[in-house]
Amino acid sequence: MLTSSNSTQVIQSRLIAKEGDESTYELFIGPQHPSSGHMRFIVRLDGDIIVSVDPDIGYVHRTMEKLAEGREVIKSIPLLERLTIIDSHNVTLGLVMSLEKLLDVEPPPRALYLRTLLSEINRIASHLYGMGIAGIMLNHSTMFMWAFGDREVWIQLAEDLSGARLTHTYSIPGGVRRDLPQDFPVRAEKAIRYMEKRLNDYMDIFLNNPQVRSRYEGIGILKKNEASSLGIVGPNLRASGVKYDARIAEGYAAYSDVEFEVPIREEGDSLARMLVRVEEIKQSMSIIRQVLAKMPQGPIFAEKYSRLLPPPLREQVLKTGRIKFPGIFTSLKLPEGDVVARVEMGHGEIFYHVTGSGMTKPYRLRVVTPSFRNVILFRYLMPGHRFMDFPAIYGSLDYFPPEGDR
């Protein structure tokens, strides 16, 4: 079995295959949902050795940026949630933070803690989705069914908090839409204790399984300097020894008030990427416990906007702890200026650049997703490996095609 330790030599000793090159043959994978979304891979093989891989994205491209520029900015939140419905709060939190910078509004402390709570619930659910997909890629149906079944525990918590199963539209400029349910801490603690035991089961049946480890260890190695120079983000970056996390770098929401480790590994192979996600789930559960223990009292919405509500609606908000959406925000005008924001999703860092021009619609809304940043790894890591290593590397990257297409 070839490994990435000699894949560089293989690449250097071969010319990248071109169309019509009779020394190799092409294999088309997809675009009919080959894994976690519609995309196509053009794989060129010399026997069963991968010579090159071209990821052909765009099959679920929905012009998200252009659509966001044609409507009131508040309506971009439920729109952009569809980029990554498995991590829908983290994917839009950067947008909300950008708008708050433009509008010069600061959410109250309780709202920041509630944002952190849902972000970590989403992170766990996102990692379980990716681990389940990685399992079925290796024909390990038990891992697939267990991870997707356990993901429902966290989806239910997200629904209890936000009122929606997948697309929560929870964070809005100035705060969040709903307050914490009274019995939520009890249910969250029950979910955490359950998940702590299940992670041990995952290790036993999957990641410590000799057959699985033989498919992952030494496969798809991404070196530390390569990960940095390629601009890779998220667990794929941290599994190569780079200790970078936007939650630490930016200190947004309540992350500066809680203690957690940023898991890293030095191996940079497929196994390391999977193990980093397991450790991140553990850290997310620790953050959830801290957030619930330290949750401050107070409003969930900035007073600056509460004053704009008519008295009956203001009283209803204070009584129920829920913000009507989109409500007052449809007529909200963005001041002129440019702002940026970064948020750590389950897949990695997402970047927003919003330009306001004094209108209700943004002049420009740019979003760079982690899957789009990581898609280059298909082309970079695959050559030199045998074709049977393709699904192992793919699963370890946790690439989500709808997020990459934008």
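This section reports on the structure supplied with the text. In this text the structure is predicted, and so the values were computed from the model without any measurement. (Residues numbered from 1 in each chain as written. Predicted model: local features only at pLDDT ≥ 70, side-chain atom pairs only at ≥ 80, totals over all residues. Heavy atoms only, no water.)

With respect to the overall build of the chain
Then comes step 1: Of regular secondary structure, the chain possesses 18 helices and eight strands.
Then comes step 2: The buried share of the chain, reckoned over its 406 residues, is 58%.
Then comes step 3: Within the chain, counting contacts between residues at least 6 apart in sequence, those at least 24 apart form 71% of the total.
Then comes step 4: Summed over its atoms, the accessible surface of the chain is roughly 16,700 Å², and 52% of this surface lies on carbon and sulfur atoms. (Helix = DSSP H or I, 4+ residues; strand = E, 2+ residues; numbered from the N terminus. Buried < 20%, exposed > 50% of the residue type's maximum accessible area, 1.4 Å probe, protein only. Contact = heavy atoms within 4.5 Å. Areas by Shrake-Rupley, 256 points an atom, 1.4 Å probe, with all protein chains shown as cover.)

Focus: the pattern of salt bridges
Then comes step 1: A full pass over the atoms with the stated rule returns 33 salt bridges.
Then comes step 2: Across the salt bridge formed by Arg198 and Asp201, the nearest N and O atoms sit 3.7 Å from each other. Of this pair, Arg198 and Asp201 both sit in helix 7 (residues 184-207), three residues apart, roughly one helical turn.
Then comes step 3: We note a salt bridge from Arg265 to Glu267, for which the minimum N-O separation is 3.0 Å.
Then comes step 4: Overall, Arg265 belongs to the partly exposed group, its relative accessible area being 29%.
Then comes step 5: On the basis of relative accessibility, which here comes to 40%, the residue Glu267 falls in the partly exposed class.
Then comes step 6: It is possible to trace a salt-bridge network through shared partners that takes in Glu120, Arg123, Arg238, Asp245, Arg247, Glu280 and Glu344. (Salt bridge = Lys/Arg side-chain N within 4 Å of Asp/Glu carboxyl O.)

Here we look at the packing of aromatic side chains
Then comes step 1: On inspection of all chains with the given rule, the structure shows 13 aromatic pairs.
Then comes step 2: Centroid distance Tyr252 to Tyr255: 5.1 Å. Interplanar angle 75°. Geometry classified as edge-to-face.
Then comes step 3: A residue is classified by how much of its surface remains accessible, and Tyr252, at 5% relative accessible area, is buried.
Then comes step 4: Classification of Tyr255 as buried rests on a relative accessible area of 3%.
Then comes step 5: These aromatic residues form a ring-pair network of at least three members: Phe41, Phe378, Phe387, Phe390, Tyr394 and Tyr399.
Then comes step 6: When the ring centre of Phe148 is taken as origin, the NZ or CZ atom of Arg151, which lies over that ring, is 5.8 Å away.
Then comes step 7: One Lys or Arg, Arg198, reaches over the ring of Trp146 and ends 4.2 Å from the middle of that ring. (Phe/Tyr/Trp six-rings, centres within 6.5 Å; stacked < 30°, edge-to-face > 60°. Lys NZ or Arg CZ within 6 Å of the ring centre and 35° of its normal.)

Things to note about the sheet that holds strand 1 (residues 25-29)
Then comes step 1: The sheet built from three strands is open, its strands ordered 1-2-3 with antiparallel pairing. Unpaired on one side and paired on the other, strand 1 and strand 3 (49-56) mark the two borders of the sheet. Within this sheet the neighbouring strands show an average axis-to-axis angle of 20°, counted without direction.
Then comes step 2: Across seven bridges, strand 2 (residues 40-46) lies against strand 3 in antiparallel orientation. Its bridge partner lying in strand 3, Val43 is registered against Val53.
Then comes step 3: Here helix 17 (residues 390-397) sits on the sheet and contacts strand 1, strand 2 and strand 3; the angle it forms with strand 2, its principal contact strand, is near 145°. (Pairing = 2+ DSSP bridges. Axes fitted to C-alpha atoms, helices over the stretch in contact; angles between N-to-C directions.)

What to know about unusual backbone geometry
Then comes step 1: At the junction of Gly30 and Pro31, the peptide bond is cis and its omega measures out at 10° in the coordinates.
Then comes step 2: With respect to the helices and strands, Pro31 occurs in the loop between strand 1 and strand 2.
Then comes step 3: Of note in this structure, Thr63 is not a glycine but carries a positive phi near 50°.
Then comes step 4: If you trace the backbone, Thr63 turns up in the loop between strand 3 and helix 2 (64-68).
Then comes step 5: The class of Thr63 is partly exposed, set by a relative accessible area of 38%.
Then comes step 6: Within the chain, Thr169 stands out as a residue other than glycine whose phi angle is a positive 45°.
Then comes step 7: Within the element layout of this structure, Thr169 appears in the loop between helix 6 (141-162) and strand 4 (171-172).
Then comes step 8: Residue class for Thr169 comes out buried when judged on its relative accessible area of 9%.

Describing the sheet that holds strand 6 (residues 337-344)
Then comes step 1: Judged by pairing direction, the sheet is antiparallel, and its three strands sit side by side in the order 6-7-8 without closing on themselves. Only two strands of the sheet have a single neighbouring strand rather than two, namely strand 6 and strand 8 (364-368). Adjacent strand axes in the sheet meet at a mean angle of 10° when their direction is disregarded.
Then comes step 2: When strand 7 (residues 349-356) meets strand 8, the two strands line up antiparallel, connected through five bridges.

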